[in-house]
Amino acid sequence: NIKDMGGEPQAVVANPRRCTMCRECIRAPGMEHKVKLLRKSNHFVFTVETVGAISPADIFKRSLDVLAEKCKTILQELKSKSG
């Protein structure tokens, strides 16, 4: 897609979630200086697959609980080592 960015037309990915960052768009000669591949540092995309026994939403919620526990463990270790 072409968007007007401050008076200058720029091409942008039509569906960013489908971009795999394969870098194919910059491999053509001369394109490496015309295309910028950027990522948002605070943006994460999760893909959850299931065979049906547990819903994807439940799997995601459980995974957040596991992640929270791991973060607590890391914080406790850091506090105990810092004095």
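Residues numbered from 1 in each chain as written. Predicted model: local features only at pLDDT ≥ 70, side-chain atom pairs only at ≥ 80, totals over all residues. Heavy atoms only, no water.

Engineer: Explanation requested: the overall build of the protein chain in the structure shown.
Structural biologist: For the protein chain, the count of helices and strands is one helix and two strands. Each helix and strand of the protein chain, ordered N terminal to C terminal, gives the series β-β-α. Relative to a compact globule of 83 residues, whose C-alpha radius of gyration would be 12 Å, the protein chain shows 21 Å and is clearly more extended. With respect to the three principal axes, the spread of C-alpha positions in the protein chain is 50 × 45 × 25 Å. (Helix = DSSP H or I, 4+ residues; strand = E, 2+ residues; numbered from the N terminus. Rg over C-alpha atoms; globule rule 2.2 N^0.38 Å.)

Engineer: Is there a simple way to think about the pattern of salt bridges in this case?
Structural biologist: Opposite charge on two side chains allows them to pair when their charged atoms are near. All chains considered together, the criterion is met by two salt bridges. The shortest N-O distance in the salt bridge between Glu24 and Arg27 comes to 2.8 Å. Taking relative accessible area as the criterion, Arg27 reaches 54% and is therefore assigned exposed. Among the salt bridges present, the one from Glu69 reaches Lys72, with a minimum N-O distance of 3.5 Å. Of this pair, Glu69 and Lys72 both sit in helix H1 (residues 56-82), separated by three residues, roughly a single helical turn. (Salt bridge = Lys/Arg side-chain N within 4 Å of Asp/Glu carboxyl O. Buried < 20%, exposed > 50% of the residue type's maximum accessible area, 1.4 Å probe, protein only.)

Engineer: Explanation requested: a nonpolar patch on the surface in the structure shown.
Structural biologist: A cluster of nonpolar side chains, contributed by Phe44, Phe46, Phe60, Leu64 and Leu67, occupies part of the molecular surface with about 540 Å² of accessible area. Relative to the helices and strands, Leu67 is located in helix H1. (Patch = residues over 30% accessible without salt bridge, like charges linked within 9 Å, V, L, I, M, F, W, Y side chains within 5 Å. Areas by Shrake-Rupley, 256 points an atom, 1.4 Å probe, with all protein chains shown as cover.)

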